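Given next are the chains, with one letter for each unit.
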Amino acid sequence: MKRIAVLILVVLMVLEIGLLVFLPKVSEAQTITWKMQTTWPAGMALHTSAVGLAKRIEEMTGGRLKIEVLPAGAIVPAFEVLGAVHKGTIDAAHGWSAYWIGKHPAANLFSSVAGGPFGMDNVDYAGWLYHGGGLEFYRELYLDVMKMKVMVFPTDIIASEPLGWFKKPIKSWAELKGLKMREAGLTAEIYKEAGITVVAMPGGEILPALERGVIDGAAFMCPTTDKELGLMDVAKLYHGPFIDRHTLTLELLINKDVWDKLPADIKAIIDVASRENLFRGWIDLVDKNVKDLEILKTKHGVKMVETSKEILLEILKAWDKVAARYVEKDPFFAKVYASQKEYAKKIVQYRREFYVPYEGLADYYWPKKK
């Protein structure tokens, strides 16, 4: 009996040692590793948001999916990440769909649209994505219309953008004529309606271009991102508010072949993590914007210049013209645009009936200084 007990103990020890050796190999075999490149410079809040999204996906999958997040230019140029995901050069990317209007103009409708679109704010727009058919159209655009092997997820809501940075105050629509400005997406065509010469460039090139006079004015995204780019070092007049990008979302792009190989639970985790990032990224960035705008004013001598109502109205009129041209010549653009209008008609009316206008309460508690 004693020999049997010893033999059993030896067998158990061998099994235990075997398990200790074997289990890590199973774990390594189950780990999926991706490379994801963003369209943003390292350290920028938008890149940091992508890093945070990757971290939460890794945590929620128990380490089964690890995503290495690389900044713009690490593998391919910033504006080439969509093609790189399609080809499988990288597994995933984090960017902004308006960068892809060269492939299809409707890409702009899933990133930022002047005036809302149709009076919607960020929350309304997110409602259209998830309850108005927007996400289905979004994926149809990439997979069927543009023929890209890419799965897309909305990942961030960004605050409404300013008119931008100038070295002299811009008070009227006429004063925009003849200026050279950095812009992207269909906003570039809106600006052309004002007689502005549009110069396209990645965010990291804006500062030297503004400094050298290659452009007369620029906007990137918001106080936080503009501060990160250092735009306050070459211009001190910050013009806002604006409505060329009243709603704004960023995106997670995943190679379709890579996506199809994922287990169902990891697919569900990516979906949930992207939705959480949509909300978390928004409130985090708004909080940073409040703090960074104060820093811009107090430490860098930046002065806010209120955008005139004339400019705001003319931007809406210009967008109507631009949109009408694309509705006329592109059926898919027309279909998505009509969907946004139909959803906005319902949600904006509801908001007007049940929500007090923001200015009403704001003026009571925080009246504007004359």
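The structure this text deals with has already been given above.
Starting from 1, residues in each chain are numbered consecutively following that chain's sequence as written. The model is predicted, so local features are restricted to residues of pLDDT at least 70 and side-chain atom pairs to those at 80 or more, both for listing and for counting; the totals for chains, interfaces and linings are taken over all residues. Computation of side-chain values: all heavy atoms of the structure, hydrogens and water removed.

1. Observations concerning the overall build of the chain
Definition in use: Put simply, DSSP H or I for four residues or longer makes a helix, DSSP E for two residues or longer makes a strand, and each gets a number counted from the N terminus. Exposed residues in this analysis have more than 50% of their type's maximum accessible area, buried residues have under 20%, and partly exposed residues fall in between, with area computed by a 1.4 Å probe over protein chains only. Contacts were defined at the residue level, with two residues in contact if any of their heavy atoms lie within 4.5 Å. Reported accessibility uses the Shrake-Rupley method at a 1.4 Å probe radius. Residues are deemed covered only where the shown protein chains occlude them. Charge assignment: positive for Lys and Arg, negative for Asp and Glu; neither His nor the chain ends contribute. The location of each charge is read from NZ of Lys, CZ of Arg, CG of Asp or CD of Glu.
Summing up its helical and strand segments, the chain has 13 helices and eleven strands in all. Summarising its shape, the C-alpha atoms of the chain cover approximately 100 × 50 × 45 Å along the three principal directions. Taking all 370 residues of the chain together, the buried fraction comes to 49%. Relative to all contacts within the chain whose residues are 6 or more apart in sequence, the contacts with residues 24 or more apart total 78%. Accessible surface, the chain as shown: approximately 18500 Å² in total, 60% of it carbon and sulfur. Taking the average location of the 48 positive side-chain charges in the chain and that of its 45 negative ones, the two points are 2 Å from each other.

2. Some thoughts on the pattern of salt bridges
Put simply, the rule is: For this analysis, a salt bridge means a side-chain nitrogen from Lys or Arg found within 4 Å of a carboxyl oxygen belonging to Asp or Glu.
All chains considered together, the criterion is met by 19 salt bridges. A salt bridge links glutamate 68 to lysine 35; its shortest N-O distance comes to 2.6 Å. Residue glutamate 68 is located in strand 2 (residues 65–70), and its partner lysine 35 is located in strand 1 (residues 32–38); the two are separated by 33 residues in the primary sequence. Measuring nitrogen to oxygen at the nearest pair gives 4.0 Å for the salt bridge that ties glutamate 342 to lysine 346. Here glutamate 342 and its partner lysine 346 are both found in helix 12 (residues 331–354), four residues apart, which amounts to about one turn of the helix. Lysine 346 sits in the exposed class, given a relative accessible area of 57%. Through salt bridges with shared partners, a single ionic network connects Arg56, Glu276, Arg280 and Asp284.

3. Re the packing of helix 4 (residues 122–131) against helix 12
A pair of packed helices can be characterised by two numbers: the angle between their axes and the separation between those axes. Let me state the cut-off plainly: Helix axes are fitted only over the stretch in contact, all axes being lines through C-alpha atoms; the angle between N-to-C directions runs from 0 to 180 degrees. Put simply, angles under 35 degrees are roughly parallel, angles over 145 are roughly antiparallel, angles from 65 to 115 are roughly perpendicular, and the rest are oblique. The hand of a helix crossing depends on one turn: near helix anticlockwise from the far one by less than a right angle means left-handed, and clockwise means right-handed. When residues are grouped by polarity, Ala, Val, Leu, Ile, Met, Phe, Trp, Tyr, Cys and Pro land in nonpolar, Asp, Glu, Lys and Arg in charged, and all others, Gly among them, in polar.
Orientation of helix 4 relative to helix 12, taken along the N-to-C sense of each, is 125°, at an axis distance of 10 Å. By the angle class used here, helix 4 and helix 12 are oblique. Relative to helix 12, the crossing made by helix 4 is right-handed. Contact with helix 4, carried on its side by Asp124, Tyr125, Gly127, Trp128 and His131, involves Val336, Ser339, Gln340, Tyr343, Ile347 and Arg351 of helix 12 and no other residues of that element. Across the contact of helix 4 with helix 12, the residue classes break down as five nonpolar, four polar and two charged.

4. As for helix 2 (residues 45–60)
Rules: Each helix should span, by expectation, one fewer than its residue count multiplied by 1.5 Å.
The end-to-end C-alpha distance of helix 2 is 22 Å, a good match for the 22 Å that 16 residues give at a rise of 1.5 Å each. Regarding helix 2, the residues found buried are Ala45, Leu46, His47, Ser49, Ala50, Gly52, Leu53, Ala54, Arg56 and Ile57. Two residues or fewer after helix 2 comes glycine 62, characterised by a positive phi angle close to 65°.

5. Things to note about the packing of aromatic side chains
Note the cut-off: The criterion for an aromatic pair is that two Phe, Tyr or Trp rings (for Trp, the six-membered ring) have centres within 6.5 Å, with stacked assigned to planes under 30 degrees apart, edge-to-face to planes over 60 apart and tilted to the rest. The criterion for a charge sitting over a ring is simple: Lys NZ or Arg CZ within 6 Å of the ring centre, and within 35 degrees of the ring normal.
Overall, the coordinates contain 20 aromatic pairs when judged by the stated rule. Here the aromatic rings of tyrosine 364 and tyrosine 365 are separated by 4.9 Å at their centres, their planes lie at 85°, and the arrangement is edge-to-face. A residue is classified by how much of its surface remains accessible, and tyrosine 365, at 56% relative accessible area, is exposed. Three or more aromatic residues joined by ring pairs form one cluster here, namely Trp40, Phe79, Trp96, Tyr99, Trp100 and Phe220. Of note, arginine 139 hangs over the ring of phenylalanine 153, and the distance from its end group to the ring centre comes to 4.6 Å. Here the basic side chain of arginine 351 rests over the ring of tyrosine 355, its NZ or CZ set 4.7 Å away from the ring centre.

6. Re the layout of surface pockets
The cut-off we apply is this: Cavities and pockets were defined on a 1 Å grid built from protein atoms only: a cavity is a group of points that admits a 1.4 Å probe but offers it no way out, a pocket is an open group of points flanked by protein on both sides within 12 Å along at least five of seven lines, and a lining residue is one with an atom within 4 Å of any such point. Grid points are joined across faces, edges and corners, and a volume is the space filled by probe spheres set on the points.
In this structure, the largest pocket spans a volume of roughly 2600 Å³. As for the largest pocket, its lining consists of 49 residues, of which Ser160, Pro241, His246, Tyr358 and Glu359 are closest to the centre. Put simply, the parts of the chain that give the lining of the largest pocket at least two residues each are helix 4, strand 9 (237–240), helix 10 (264–300), strand 11 (303–306), helix 11 (309–329), helix 12 and helix 13 (358–365). With seven residues, helix 10 is the largest single contributor of residues to the lining of the largest pocket. Looking at the lining of the largest pocket residue by residue, the class counts come to 28 nonpolar, eight polar and 13 charged. Its boundaries defined by the atoms lining it, the second largest pocket holds a volume of some 160 Å³. The wall of the second largest pocket is formed by Phe79, Ala98, Tyr99, Glu183, Ala184, Gly185, Ala188, Val198, Ala200 and Met201. The residue inventory of the lining of the second largest pocket, partitioned by class, reads eight nonpolar, one polar and one charged.

7. Describing the sheet that holds strand 6 (residues 180–182)
The strands making up a sheet associate through backbone hydrogen bonding, with each pair oriented either parallel or antiparallel. Heads up, the rule is: When DSSP locates at least two bridges between a pair of strands, those strands are taken to pair.
Here six strands make up an open sheet; going across it, the order is 7-6-8-5-9-11 and the pairing mixed. Edge positions in the open sheet fall to strand 7 (197–199) and strand 11, since each of these has one partner strand only. By the bridge criterion, two bridges tie strand 5 (residues 164–166) to strand 8 (residues 217–218) in an arrangement that is antiparallel. Counterpart to phenylalanine 166 in the pairing with strand 8 is glycine 217.

8. Re the sheet that holds strand 4 (residues 150–157)
If you walk across this open sheet you meet the five strands as 2-1-3-10-4, and the pairing is mixed. Bordering the open sheet on either side are strand 2 and strand 4, each of which pairs with just one other strand. In this sheet, neighbouring strand axes are inclined to one another by 25° on average, regardless of whether the strands run parallel or antiparallel. Note that strand 4 and strand 10 (residues 249–255) share seven bridges and pair antiparallel. Pairing of proline 154 across the sheet is with glutamate 251, part of strand 10. Together, strand 4 and strand 10 form the strand contacts of helix 5 (residues 134–145), whose direction differs from that of strand 4 by roughly 135°.

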